[in-house]
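Chains, contacts and geometry: an overview
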Amino acid sequence: MTERIRERIGIAGSGAIACGLARLAGPGSVLVWARSASSAEAATSEIGDGARVVTDLSELGDCTFVIESVVEDLDAKSKLIADLREHLGDDAILATTTSSLSIEELASASGRPSRFVGLHVFNPVEKMPLVELVFPADADDDTRARSEVLCEMLGKTAVEVPDTPGFVVNRLLFPLLFNAVRLMGEHDLAPETVDACMKLGAGHPMGPLRLLDLVGLDVAASIGDQIGVEVPARVRELIEAGRLGKKSGAGFYDY
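Predicted model only: the values in this text are computed from it and were never measured. (Residues numbered from 1 in each chain as written. Predicted model: local features only at pLDDT ≥ 70, side-chain atom pairs only at ≥ 80, totals over all residues. Heavy atoms only, no water.)

On to the overall build of the chain, then. Counting its secondary structure elements, the chain contains 10 helices and 8 strands. Taking 18 Å as the expected radius of gyration for a compact globule of 255 residues, we find that the chain reaches 18 Å, a close match to that expectation. Overall, the C-alpha framework of the chain stretches about 55 × 40 × 35 Å when taken along its three principal axes. Here the chain, with 255 residues, has 49% of them falling under the buried criterion. If you take every contact in the chain between residues at least 6 apart in sequence, the share linking residues at least 24 apart comes to 61%. When the accessible surface of the chain is summed, it comes to about 11,900 Å², and 51% of that surface belongs to carbon and sulfur atoms. (Helix = DSSP H or I, 4+ residues; strand = E, 2+ residues; numbered from the N terminus. Rg over C-alpha atoms; globule rule 2.2 N^0.38 Å. Buried < 20%, exposed > 50% of the residue type's maximum accessible area, 1.4 Å probe, protein only. Contact = heavy atoms within 4.5 Å. Areas by Shrake-Rupley, 256 points an atom, 1.4 Å probe, with all protein chains shown as cover.)

The structure is reproduced here in C-alpha coordinates:
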(Lines give C-alpha, C1' and ligand atoms only; values in the text may rest on other atoms or scores of the structure.)
Protein backbone atom coordinates (compact mmCIF):
# COMPACT_ATOMS: atom_id res chain seq x y z
CA MET A 1 0.00 0.00 0.00
CA THR A 2 1.33 3.43 -0.88
CA GLU A 3 0.18 6.38 1.22
CA ARG A 4 -2.68 6.44 3.70
CA ILE A 5 -6.15 7.10 2.34
CA ARG A 6 -6.95 10.79 2.21
CA GLU A 7 -10.70 10.37 1.75
CA ARG A 8 -12.77 10.77 4.91
CA ILE A 9 -14.43 7.38 4.73
CA GLY A 10 -17.87 6.63 6.13
CA ILE A 11 -19.35 3.14 6.24
CA ALA A 12 -23.10 2.75 6.62
CA GLY A 13 -23.47 -0.72 8.10
CA SER A 14 -21.86 -2.88 10.75
CA GLY A 15 -21.75 -6.41 9.33
CA ALA A 16 -18.76 -8.51 8.25
CA ILE A 17 -18.00 -6.54 5.07
CA ALA A 18 -18.42 -3.17 6.81
CA CYS A 19 -16.16 -4.13 9.71
CA GLY A 20 -13.58 -5.62 7.37
CA LEU A 21 -13.44 -2.40 5.36
CA ALA A 22 -13.10 -0.38 8.55
CA ARG A 23 -10.13 -2.48 9.67
CA LEU A 24 -8.47 -2.11 6.27
CA ALA A 25 -8.88 1.66 6.21
CA GLY A 26 -6.74 1.92 9.32
CA PRO A 27 -6.86 3.76 12.65
CA GLY A 28 -8.57 7.12 12.56
CA SER A 29 -9.45 6.87 8.88
CA VAL A 30 -13.07 5.78 9.02
CA LEU A 31 -16.43 6.46 10.65
CA VAL A 32 -18.87 3.56 10.94
CA TRP A 33 -22.66 3.91 11.29
CA ALA A 34 -24.60 1.15 13.06
CA ARG A 35 -28.39 0.96 13.20
CA SER A 36 -28.67 0.37 16.94
CA ALA A 37 -26.69 0.66 20.15
CA SER A 38 -26.29 -3.12 20.33
CA SER A 39 -25.02 -3.24 16.72
CA ALA A 40 -22.63 -0.40 17.50
CA GLU A 41 -21.26 -2.26 20.52
CA ALA A 42 -20.74 -5.42 18.47
CA ALA A 43 -19.05 -3.48 15.65
CA THR A 44 -16.74 -1.68 18.08
CA SER A 45 -15.66 -5.04 19.47
CA GLU A 46 -15.16 -6.45 15.97
CA ILE A 47 -13.19 -3.50 14.59
CA GLY A 48 -11.15 -2.63 17.65
CA ASP A 49 -9.58 0.80 17.85
CA GLY A 50 -9.53 1.40 14.11
CA ALA A 51 -12.78 3.33 13.77
CA ARG A 52 -15.35 5.42 15.57
CA VAL A 53 -18.82 3.83 15.56
CA VAL A 54 -21.92 6.04 15.67
CA THR A 55 -25.69 5.52 15.51
CA ASP A 56 -26.68 8.90 14.07
CA LEU A 57 -26.62 8.82 10.26
CA SER A 58 -26.06 12.56 10.03
CA GLU A 59 -22.58 12.11 11.51
CA LEU A 60 -21.48 10.71 8.14
CA GLY A 61 -22.16 14.14 6.62
CA ASP A 62 -18.53 15.24 6.75
CA CYS A 63 -17.28 12.14 4.96
CA THR A 64 -16.06 12.42 1.38
CA PHE A 65 -16.57 8.75 0.44
CA VAL A 66 -19.48 6.86 2.03
CA ILE A 67 -19.92 3.13 1.51
CA GLU A 68 -23.34 1.55 2.11
CA SER A 69 -22.94 -2.00 3.39
CA VAL A 70 -26.19 -3.42 4.76
CA VAL A 71 -28.32 -6.48 4.02
CA GLU A 72 -28.48 -7.65 0.38
CA ASP A 73 -32.02 -6.39 -0.22
CA LEU A 74 -32.97 -3.78 -2.82
CA ASP A 75 -35.58 -2.03 -0.67
CA ALA A 76 -33.35 -1.85 2.41
CA LYS A 77 -30.37 -0.57 0.46
CA SER A 78 -32.44 1.90 -1.56
CA LYS A 79 -33.99 3.38 1.57
CA LEU A 80 -30.66 3.82 3.34
CA ILE A 81 -29.04 5.27 0.22
CA ALA A 82 -31.91 7.75 -0.16
CA ASP A 83 -31.52 8.74 3.51
CA LEU A 84 -27.78 9.22 3.09
CA ARG A 85 -28.11 11.70 0.24
CA GLU A 86 -29.67 14.22 2.62
CA HIS A 87 -26.47 14.40 4.64
CA LEU A 88 -23.68 14.31 2.05
CA GLY A 89 -21.78 17.19 0.51
CA ASP A 90 -21.93 17.80 -3.24
CA ASP A 91 -18.46 16.34 -3.83
CA ALA A 92 -18.97 13.22 -1.72
CA ILE A 93 -19.10 9.86 -3.46
CA LEU A 94 -21.68 7.28 -2.40
CA ALA A 95 -20.87 3.60 -2.92
CA THR A 96 -22.62 0.28 -2.36
CA THR A 97 -21.09 -3.12 -1.60
CA THR A 98 -23.94 -5.04 -3.24
CA SER A 99 -22.92 -8.39 -4.66
CA SER A 100 -25.83 -8.83 -7.08
CA LEU A 101 -28.24 -5.86 -7.23
CA SER A 102 -28.60 -3.34 -10.05
CA ILE A 103 -26.15 -0.45 -9.70
CA GLU A 104 -28.33 1.71 -11.96
CA GLU A 105 -31.33 1.22 -9.66
CA LEU A 106 -29.33 2.00 -6.53
CA ALA A 107 -27.71 5.01 -8.23
CA SER A 108 -31.19 6.29 -9.08
CA ALA A 109 -32.26 5.88 -5.44
CA SER A 110 -29.25 7.98 -4.43
CA GLY A 111 -30.47 10.97 -6.42
CA ARG A 112 -26.83 11.54 -7.43
CA PRO A 113 -25.93 8.94 -10.07
CA SER A 114 -22.90 10.91 -11.24
CA ARG A 115 -21.38 10.45 -7.76
CA PHE A 116 -22.25 6.77 -7.31
CA VAL A 117 -20.30 3.50 -7.64
CA GLY A 118 -20.63 -0.20 -6.89
CA LEU A 119 -17.74 -1.68 -4.89
CA HIS A 120 -18.28 -5.43 -4.69
CA VAL A 121 -15.87 -6.39 -1.91
CA PHE A 122 -15.36 -10.06 -1.13
CA ASN A 123 -15.37 -11.85 2.22
CA PRO A 124 -13.07 -12.23 4.12
CA VAL A 125 -12.28 -8.63 3.28
CA GLU A 126 -8.65 -8.59 4.43
CA LYS A 127 -7.73 -11.70 2.42
CA MET A 128 -9.59 -11.34 -0.90
CA PRO A 129 -7.71 -9.07 -3.32
CA LEU A 130 -10.50 -8.35 -5.82
CA VAL A 131 -13.01 -5.52 -5.90
CA GLU A 132 -15.53 -5.65 -8.74
CA LEU A 133 -15.94 -1.99 -9.70
CA VAL A 134 -19.32 -1.14 -11.25
CA PHE A 135 -20.26 2.32 -12.50
CA PRO A 136 -23.69 3.61 -13.47
CA ALA A 137 -23.88 5.22 -16.89
CA ASP A 138 -23.85 8.74 -15.43
CA ALA A 139 -20.78 8.32 -13.20
CA ASP A 140 -18.42 11.24 -13.80
CA ASP A 141 -14.67 11.12 -14.28
CA ASP A 142 -13.91 12.24 -10.72
CA THR A 143 -16.03 9.41 -9.29
CA ARG A 144 -14.29 6.88 -11.51
CA ALA A 145 -10.80 8.10 -10.64
CA ARG A 146 -11.36 8.39 -6.90
CA SER A 147 -13.02 4.98 -6.72
CA GLU A 148 -10.02 3.36 -8.36
CA VAL A 149 -7.63 5.21 -6.03
CA LEU A 150 -9.64 4.13 -2.98
CA CYS A 151 -9.42 0.48 -4.02
CA GLU A 152 -5.67 0.82 -4.53
CA MET A 153 -5.23 2.46 -1.14
CA LEU A 154 -7.13 -0.39 0.47
CA GLY A 155 -4.67 -2.80 -1.13
CA LYS A 156 -7.22 -4.18 -3.59
CA THR A 157 -7.15 -4.91 -7.30
CA ALA A 158 -10.10 -3.16 -8.93
CA VAL A 159 -11.57 -4.75 -12.06
CA GLU A 160 -14.33 -2.84 -13.82
CA VAL A 161 -17.24 -5.13 -14.69
CA PRO A 162 -20.66 -4.64 -16.32
CA ASP A 163 -23.80 -3.82 -14.37
CA THR A 164 -25.36 -7.22 -14.89
CA PRO A 165 -27.02 -9.34 -12.15
CA GLY A 166 -24.26 -10.95 -10.08
CA PHE A 167 -21.59 -9.05 -12.06
CA VAL A 168 -18.89 -11.54 -13.13
CA VAL A 169 -17.82 -13.60 -10.11
CA ASN A 170 -21.23 -14.41 -8.65
CA ARG A 171 -22.78 -14.90 -12.09
CA LEU A 172 -20.30 -17.71 -12.70
CA LEU A 173 -19.81 -18.95 -9.14
CA PHE A 174 -23.30 -19.52 -7.75
CA PRO A 175 -24.53 -21.99 -10.38
CA LEU A 176 -21.51 -24.11 -9.41
CA LEU A 177 -22.17 -23.79 -5.67
CA PHE A 178 -25.83 -24.69 -6.01
CA ASN A 179 -25.01 -27.64 -8.29
CA ALA A 180 -22.72 -28.92 -5.53
CA VAL A 181 -25.69 -28.85 -3.12
CA ARG A 182 -27.85 -30.77 -5.58
CA LEU A 183 -25.14 -33.35 -6.27
CA MET A 184 -24.66 -33.88 -2.55
CA GLY A 185 -28.37 -34.55 -2.11
CA GLU A 186 -28.76 -36.78 -5.16
CA HIS A 187 -26.01 -39.14 -4.01
CA ASP A 188 -26.25 -38.72 -0.24
CA LEU A 189 -22.73 -37.31 -0.03
CA ALA A 190 -21.24 -35.66 3.03
CA PRO A 191 -20.28 -31.98 2.65
CA GLU A 192 -16.71 -32.97 3.46
CA THR A 193 -16.63 -35.32 0.47
CA VAL A 194 -17.78 -32.70 -2.05
CA ASP A 195 -15.47 -30.08 -0.60
CA ALA A 196 -12.44 -32.39 -0.59
CA CYS A 197 -12.98 -33.24 -4.26
CA MET A 198 -13.11 -29.59 -5.33
CA LYS A 199 -10.19 -28.56 -3.15
CA LEU A 200 -7.88 -31.40 -4.15
CA GLY A 201 -9.10 -31.92 -7.72
CA ALA A 202 -9.89 -28.38 -8.88
CA GLY A 203 -7.48 -26.43 -6.71
CA HIS A 204 -10.19 -24.45 -4.92
CA PRO A 205 -8.96 -22.95 -1.63
CA MET A 206 -12.32 -23.73 -0.05
CA GLY A 207 -14.96 -26.30 -1.03
CA PRO A 208 -18.37 -25.13 -2.31
CA LEU A 209 -20.36 -26.12 0.81
CA ARG A 210 -17.87 -24.47 3.16
CA LEU A 211 -17.94 -21.39 0.92
CA LEU A 212 -21.74 -21.19 1.03
CA ASP A 213 -21.53 -21.28 4.82
CA LEU A 214 -19.00 -18.45 4.76
CA VAL A 215 -21.12 -16.31 2.43
CA GLY A 216 -24.25 -16.99 4.48
CA LEU A 217 -27.04 -19.15 3.13
CA ASP A 218 -29.55 -16.30 3.31
CA VAL A 219 -27.22 -14.08 1.30
CA ALA A 220 -26.56 -16.92 -1.15
CA ALA A 221 -30.28 -17.43 -1.69
CA SER A 222 -30.75 -13.72 -2.30
CA ILE A 223 -27.95 -13.73 -4.86
CA GLY A 224 -29.44 -16.78 -6.57
CA ASP A 225 -32.81 -15.06 -6.82
CA GLN A 226 -31.20 -11.92 -8.25
CA ILE A 227 -29.23 -13.70 -10.95
CA GLY A 228 -32.06 -16.04 -11.90
CA VAL A 229 -30.48 -19.28 -10.71
CA GLU A 230 -32.69 -21.81 -8.96
CA VAL A 231 -31.86 -22.03 -5.26
CA PRO A 232 -31.80 -25.67 -4.05
CA ALA A 233 -34.56 -26.71 -1.67
CA ARG A 234 -31.91 -27.83 0.83
CA VAL A 235 -30.58 -24.29 1.08
CA ARG A 236 -34.08 -22.95 1.74
CA GLU A 237 -34.64 -25.61 4.40
CA LEU A 238 -31.46 -24.70 6.24
CA ILE A 239 -32.40 -21.03 6.18
CA GLU A 240 -35.85 -21.84 7.58
CA ALA A 241 -34.17 -23.80 10.37
CA GLY A 242 -31.98 -20.82 11.25
CA ARG A 243 -28.82 -22.52 9.98
CA LEU A 244 -27.45 -19.57 8.01
CA GLY A 245 -23.84 -20.69 7.92
CA LYS A 246 -20.77 -19.70 9.90
CA LYS A 247 -22.30 -16.44 11.17
CA SER A 248 -25.12 -18.31 12.95
CA GLY A 249 -22.93 -21.17 14.16
CA ALA A 250 -24.34 -23.78 11.79
CA GLY A 251 -25.11 -24.33 8.11
CA PHE A 252 -23.93 -27.31 6.12
CA TYR A 253 -21.32 -27.58 8.88
CA ASP A 254 -21.45 -26.91 12.61
CA TYR A 255 -19.13 -24.18 13.95
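All right, on to the sheet that holds strand β3 (residues 52–54) then. If you trace the 8 strands from one edge of the open sheet to the other, you get β3-β2-β1-β4-β5-β6-β7-β8, paired in mixed fashion. The open sheet terminates on both sides in strands that have one partner only, identified here as β3 and β8 (157–160). Adjacent strand axes in the sheet meet at a mean angle of 25°, parallel and antiparallel pairs treated alike. One ladder, built from 4 bridges, connects strand β1 (residues 9–12) with strand β4 (residues 65–68); its direction is parallel. In the strand pairing of β4, A12 is matched with E68. (Pairing = 2+ DSSP bridges. Axes fitted to C-alpha atoms, helices over the stretch in contact; angles between N-to-C directions.)

Moving on, we come to the packing of aromatic side chains. The full count for this structure, using the stated rule, is 1 aromatic pair. The positively charged end of R144 is found above the aromatic ring belonging to F135, 4.6 Å away from the centroid. Just above the ring of Y253 sits the side chain of R210; from NZ or CZ to the centre is 3.6 Å. (Phe/Tyr/Trp six-rings, centres within 6.5 Å; stacked < 30°, edge-to-face > 60°. Lys NZ or Arg CZ within 6 Å of the ring centre and 35° of its normal.)

The next thing to look at is a negative patch on the surface. Taken together, the side chains of E104, E105, D138 and D163 make up a negatively charged region of the molecular surface. Summarising the element assignment, E105 is placed in helix α4 (residues 103–110). We classify E105 as partly exposed; its relative accessible area is 45%. (Patch = residues over 30% accessible without salt bridge, like charges linked within 9 Å, V, L, I, M, F, W, Y side chains within 5 Å. Salt bridge = Lys/Arg side-chain N within 4 Å of Asp/Glu carboxyl O. Lys, Arg positive; Asp, Glu negative; His and termini not counted. Charge placed at Lys NZ, Arg CZ, Asp CG, Glu CD.)

This part covers the pattern of salt bridges. Pairs can form between side chains of opposite charge once their charged atoms are near each other. In the structure shown here, the tally under the stated rule is 14 salt bridges. In this structure, the salt-bridge partner of R146 is E7, at a minimum N-O distance of 2.8 Å. Of this pair, R146 sits in helix α5 (residues 141–153) while E7 is found in the segment before β1, placing the two residues 139 residues apart along the sequence. Since its relative accessible area comes to 18%, R146 is described here as buried. Using a relative accessible area of 17% as the deciding quantity, one classes E7 as buried. Residue K247 pairs with D218 through a salt bridge whose shortest N-O separation is 2.9 Å. Pair noted here: K247 is in the segment after α10 (233–240) and D218 is in helix α9 (residues 217–227), with a separation of 29 residues, a long-range link. We classify K247 as exposed; its relative accessible area is 54%. On the accessibility criterion, D218 (29% relative accessible area) is partly exposed. Look at the salt bridges and you will find they share partners, linking E7, R115, D140, D142 and R146 into a network.

Mapped onto the elements of the fold, S147 is located in helix α5. Residue S147 is classed as buried on the basis of its relative accessible area, which comes to 0%. The contact partners of S147, leaving out residues within four places of it in the chain, are F65, V117, L133 and F135.

The next subject is the packing of α9 against α10. Two elements in contact, α9 and α10, have axes separated by 9 Å at closest approach and are oriented at 135°. Here α9 is positioned oblique relative to α10, judged by the angle of their axes. The element α9 and its partner α10 pack so that their crossing is left-handed. Between α9 and α10, the residues in contact are L217, D218, A221 and D225 and V235, R236, L238 and I239, respectively. Here the residues of the contact of α9 with α10 sort into 5 nonpolar, no polar and 3 charged. (Parallel < 35°, antiparallel > 145°, perpendicular 65-115°, else oblique. Left-handed = near helix turned anticlockwise from the far one by under 90°. Nonpolar A, V, L, I, M, F, W, Y, C, P; charged D, E, K, R; others polar.)

Of the polar contacts made by the side chain of R146, one reaches the backbone oxygen of T64; its length is 3.0 Å. Beyond its immediate chain neighbours, meaning those up to four positions away, R146 contacts E7, T64, F65, D91, I93 and R115. (Polar contact = N/O pair within 3.5 Å; in protein donor to acceptor, adjacent residues only side chain to side chain.)

Moving on, we come to α4. Residues I103, L106, A107, A109 and S110 constitute the buried set of α4. End-on view of α4: buried residues confined to an arc of 160°, all on one side of the axis. (Arc of directions from axis to C-beta.)

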